[in-house]
Amino acid sequence: MLSAVQVKPDVYWVGAVDWNARSFHGYTTEDGITYNAYLILDEKVTLIDTAKITFKDEFLQRISSVIDPSKIDVLVCNHVEMDHSGNVPTVKSVAPNVQIYASAPQGVKGLTAHYGDLGYKGVKTGDTLNIGKRTLTFVQTPMVHWPDNMVTYDDYDKILFSNDAFGQHYASSVRFDDEADYPEVMKQARKYYANIVQPYRMQAANAVKAVRSLGPDALDMIAPAHGVIWRSHVEDILKAYEDVFTSGKVIEKAVVAYDSMWGSTDKIAHAIVDGFQLEGVPAHLMDIKENHPSNIMEEFLDAKYVAVGSPTLNSQMLPTVADFLTYMKGLSPKNANRVGIAFGSYGWAPLGPKNVEAELKAAGFQMPEPVFAFNWIPTQEYLDGVRDKVRAIVQAQRA
Ligand code: FEO
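What this report covers is the structure whose coordinates are included nearby.

## What about the nonpolar core?
Next, step 1: Counting residues in hydrophobic clusters, the biggest one holds 63 residues, and the most contacted among them are Leu-39, Leu-47, Ile-100, Phe-166, Trp-230 and Ile-237.
Next, step 2: Put simply, the parts of the chain that give this core at least two residues each are strand 6 (33–35), helix 1 (56–64), helix 3 (88–94), strand 10 (99–103), strand 14 (150–154), helix 5 (182–197), helix 6 (201–212) and helix 7 (234–245).
Next, step 3: Of all the elements, helix 5 adds the most residues to this core, at eight residues.
Next, step 4: Setting aside chain neighbours within four positions, we find Leu-39 in contact with Asp-10, Val-11, Tyr-12, Val-14, Val-45, Thr-46, Leu-47, Ile-63, Val-66 and Ile-67.
Next, step 5: Grouped together as the second largest cluster of nonpolar side chains are 24 residues, Ile-296, Phe-324, Leu-331 and Ala-342 included.

Here's what the structure looks like:
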């Protein structure tokens, strides 16, 4: 039988490890995923969140290693998305008297739509629930990541059960940040933010402020619903959210994302990278065929310069580039400090690169130079000109 993992005395992790998951609605999860649920043994036996339905057996086994699941009195459902709520009906069926709490009104509405009326109790920011020695306080964090999201603070253990906020898609046999490959955990926290939370930057910033308002001694742990529990690096992940993820600050760094048919757009991409390198701006060249959009977005998060290239195919940009741009725009990267460059080659008409230019403008980027578009195969003279124009763009931004 699979076992629970003790988080603190009478607090246990009872979630599931999805080692082989490689996608979460289109975002690549090269390290897998965990669905974290937490069990608190107090006068009222309380479960915080559940797990994806396909992990019903694992979830129930871990609970059963600590207590008979029929003894669960309270289920706090911080988020309706099915990776966390999938086993709400399971809990209701094994513990028919369980009282289920969710945010009001969106959490209650969402759970009802997904699972029918299982007798949910709606809570709002500042509402509390005494479960014995512990008092749980609920704070709604709408749009981090759905309208219903909330977090739950346990004052006795000084644990914030943060659900999607501060999560990482990182499967492992360990449960805490200081037991894991820390650089990889931080990389996955960044990728998670860039691909899941980024559209809701202001709401995420407010959620961090709410956490800070608890006071400096109020947090021993942040226990998210994905990845490892923060206990030795609580301040580090809060600072990463404050200073990098939600700040909207961009740094001198370039992402050059493109696809190429016969190598001409690839030549222009390399000339752009050359220009950035000569100005001392770190540049990441990412062929969209070889780099998943979710990995490009991880680099994109704080990049001041974003260059996107496509040749013309049937009067359009390449579908791979259109796919990336659609994904990027959905993540709402509007930022007045971000500089865009469109480029590409063409045979008949420069419609591919021009369409890219229109998309970057629509995404709200500064576009200081017209599109770099070249008919057929770029000459060295043209590539040198592209390189010099990129240098001039950087110099003008610094002036
Ligand atoms: Fe991990 Fe929005 O669900």
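On we go from here.
## Considerations on the environment of Asp-323
Next, step 1: Examined against the element boundaries, Asp-323 turns out to sit in helix 10 (residues 319–330).
Next, step 2: A C-alpha to C-alpha distance of 8.2 Å links Asp-323 and Pro-293, two positions 30 residues apart in sequence.

## Let's talk about the sheet that holds strand 12 (residues 128–130)
Next, step 1: In space, the five strands of this open sheet follow the order 12-13-14-15-16, with mixed pairing throughout. Pairing within the sheet leaves two strands with one partner each, and these edge strands are strand 12 and strand 16 (221–224). Each strand axis lies, on average, 20° off the axis of its neighbour in the sheet, ignoring direction.
Next, step 2: Of the strand pairs in this sheet, strand 13 (residues 135–140) and strand 14 are connected by five bridges, and their pairing is antiparallel.

## Considerations on helix 10
Next, step 1: Spanning twelve residues, helix 10 covers 16 Å between terminal C-alpha atoms, matching the ideal 16 Å at 1.5 Å per step.
Next, step 2: Looking at helix 10, one finds that the buried residues are Val-321, Phe-324, Leu-325 and Met-328. Viewed along the axis of helix 10, the buried residues span an arc of 95°, placing them on a single side of the element. Structural note: helix 10 exposes Pro-319 and Thr-326 on the side pointing more than 90 degrees away from its buried face.
Next, step 3: Against the buried residues of helix 10 lie strand 17 (251–258), helix 9 (293–300), strand 19 (303–309) and helix 11 (351–362).
Next, step 4: Immediately downstream of helix 10, the backbone of Ser-332 shows phi near 50°, a positive value.

The rules behind the values
Residues numbered from 1 in each chain as written. Predicted model: local features only at pLDDT ≥ 70, side-chain atom pairs only at ≥ 80, totals over all residues. Heavy atoms only, no water. Core = buried A, V, L, I, M, F, W, Y, C linked by side-chain atoms within 4.5 Å. Buried < 20%, exposed > 50% of the residue type's maximum accessible area, 1.4 Å probe, protein only. Helix = DSSP H or I, 4+ residues; strand = E, 2+ residues; numbered from the N terminus. Contact = heavy atoms within 4.5 Å. Pairing = 2+ DSSP bridges. Axes fitted to C-alpha atoms, helices over the stretch in contact; angles between N-to-C directions. Expected span 1.5 Å × (residues − 1). Arc of directions from axis to C-beta.

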